[in-house]
Amino acid sequence: MVTLIDTSAARPRHPEKVNRPDSVVLRKPDWIRVKAPGSPVYNETRKIVRENNLVTVCEEAGCPNIGECWSKKHATMMIMGEICTRACAFCNVRTGMPGPLDPREPENVAIAVEKLGLEHVVITSVDRDDLADGGARHFADVIFAIRARNPRTTIEVLTPDFLRKDGALEIVVAARPDVFNHNLETVPSKYLKVRPGARYFHSIRLLQRVKEIDPSIFTKSGIMVGLGEERNEVLQLMDDLRSADVDFLTIGQYLQPTKKHYPLQRFVTPEEFKSFATVATAKGFLLVSSSPLTRSSHHAGEDFARLKANRQARLGY
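Criteria and cut-off values
Residues numbered from 1 in each chain as written. Predicted model: local features only at pLDDT ≥ 70, side-chain atom pairs only at ≥ 80, totals over all residues. Heavy atoms only, no water. UniProt positions renumbered as here; feature names shortened; annotations may be inferred. Helix = DSSP H or I, 4+ residues; strand = E, 2+ residues; numbered from the N terminus. Contact = heavy atoms within 4.5 Å. Buried < 20%, exposed > 50% of the residue type's maximum accessible area, 1.4 Å probe, protein only. Pairing = 2+ DSSP bridges. Right-handed = clockwise from strand over helix to strand, strands pointing away. Phe/Tyr/Trp six-rings, centres within 6.5 Å; stacked < 30°, edge-to-face > 60°. Lys NZ or Arg CZ within 6 Å of the ring centre and 35° of its normal. Polar contact = N/O pair within 3.5 Å; in protein donor to acceptor, adjacent residues only side chain to side chain. Expected span 1.5 Å × (residues − 1). Arc of directions from axis to C-beta.

A separate point is the UniProt feature "binding site: [4Fe-4S] cluster 2" (unreviewed entry) in the chain. The feature "binding site: [4Fe-4S] cluster 2" (unreviewed entry), as given by UniProt, occupies C84, C88 and C91 in the numbering adopted here. Mapped onto the secondary structure, C84 falls in strand β2 (residues 83-84). Not counting the four nearest positions on each side in its chain, C84 is found in contact with V93, R94, T95, G96, V126 and D127. Residue C88 is classed as buried on the basis of its relative accessible area of 14%.

See the structure below:
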């Protein structure tokens, strides 16, 4: 008799990080602390997510705002599975070889959006370097499915960089999301260690290309601070994004998921975040969100309304 042993459960979440030395995880200051989730609406949101076999970045990335957002029935859907082909040093999403795409996922996402009553939804994904188009067609299918069932819901996508995937970006833009978000994550000097599979200026060009194809789409990008970046590097990054005509910048505190992840260098003070917001606004962004707990999809619906209003005001409507 042959006994088959399932070793998948024993496989580490981040196999590439197992042999890294432990680093000291700094104690969080008071301004970072959040309440533990558990309200009735939070539990209802979790039930809807489970019933539709959905993955959320709220859970996979360990977002500190999950209690607040899910208590308002706001959840960021993460499509194409929960396993990423990249191994970014800061990220808590599982690393490995993903499974095949679920053809039912676009409709399942659309149903969940309907059940949650979302006026604005954020769709993100893992990196799928294993797919010829990086998952661009699947992004488009999700957008189409949401629009078919929820025609009044505005849609924001937070995409991978589609590195070396010719034509992929165009597929997503042709589906006409209301907001196209792609995060730079950090300043270029940190890419080799923090985001080794990505290329800073490719990401800048990706955002610029969205505007060239369809200027009506709002573009957005975000970074983390506390990774050891210098202030002047953050200011230069702002200039790079403005040169690509990016509308919306988010800046939040990096929180180290485990002792094996990229070590947190420091907690940036609320005053420094306010200073970044002042400078970024002066540089011409339509909207800036800069605070310790700022995340890409936090308050996304309210921010979208502000984006539209700010564009109209700038155009003199």
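What follows continues from the structure just given.
Burial runs high along strand β7 (residues 218-225): eight of the eight residues are buried. The alternating pattern of β7 places F218, K220, G222 and M224 on one face and T219, S221, I223 and V225 on the opposite face, and all of these are buried. Bridge analysis of strand β6 (residues 179-181) against β7 gives three bridges, and the strand direction is parallel. Residue N181 lies in a different strand from β7, and its bridge partner there is K220. Handedness of the β7-helix α9 (residues 231-243)-strand β8 (residues 248-253) crossover: right-handed.

Inspection of every chain in the model, using the stated rule, returns three aromatic pairs. Ring plane angle 90° and centroid distance 5.6 Å describe the contact between Y191 and Y200, whose orientation is recorded as edge-to-face. Taking the centre distance of 5.9 Å and the plane angle of 90° together, the rings of F218 and F304 count as edge-to-face. Within this pair, whereas F218 is found in strand β7, its partner F304 is found in helix α11 (residues 300-315), the two being separated by 86 residues in sequence. Among the residues examined, F304 registers a relative accessible area of 6% and is labelled buried. In textbook terms, an aromatic cluster arises when at least three aromatic residues are bridged by ring pairs, as seen for Y191, Y200 and F201. Here the guanidinium or amino end of R242 rests over the ring plane of F285, the centre of that ring lying 5.5 Å away. Just above the ring of F218 sits the side chain of R311; from NZ or CZ to the centre is 3.7 Å.

Right, let's get into the pairing of strand β5 (residues 154-158). Burial analysis of β5 places five of its five residues in the buried class, which makes it a mostly covered element. Side chains T154, E156 and L158 project from β5 onto one buried face, and the interleaved I155 and V157 project onto a second face that is buried too. Relative to β5, strand β4 (residues 120-125) runs parallel, the two being bridged by five bridges. Bridge pairing in β5 links V121 to I155.

Right, let's talk about the side chain of D161 for a bit. With respect to the element layout, D161 can be found in the loop between β5 and α6 (168-174). With relative accessibility at 1%, the residue D161 sits in the buried group. Only 3.1 Å separates the side chain of D161 from the backbone nitrogen of L163, close enough to count as a polar contact.

At 3.6 residues per turn, the α-helix brings residues three or four places apart onto the same side. The first and last C-alpha atoms of helix α8 (residues 200-213) sit 21 Å apart over 14 residues, in line with the 20 Å expected at 1.5 Å per residue. All of the buried residues in α8 are Y200, S203, I204, L206, L207, V210 and K211. Buried residues in α8, looked at end-on, bunch into an arc of 155°, giving them a common side. Buried residues in α8 make contact with α6, β6, α7 (191-194), β7, α9 and α11.

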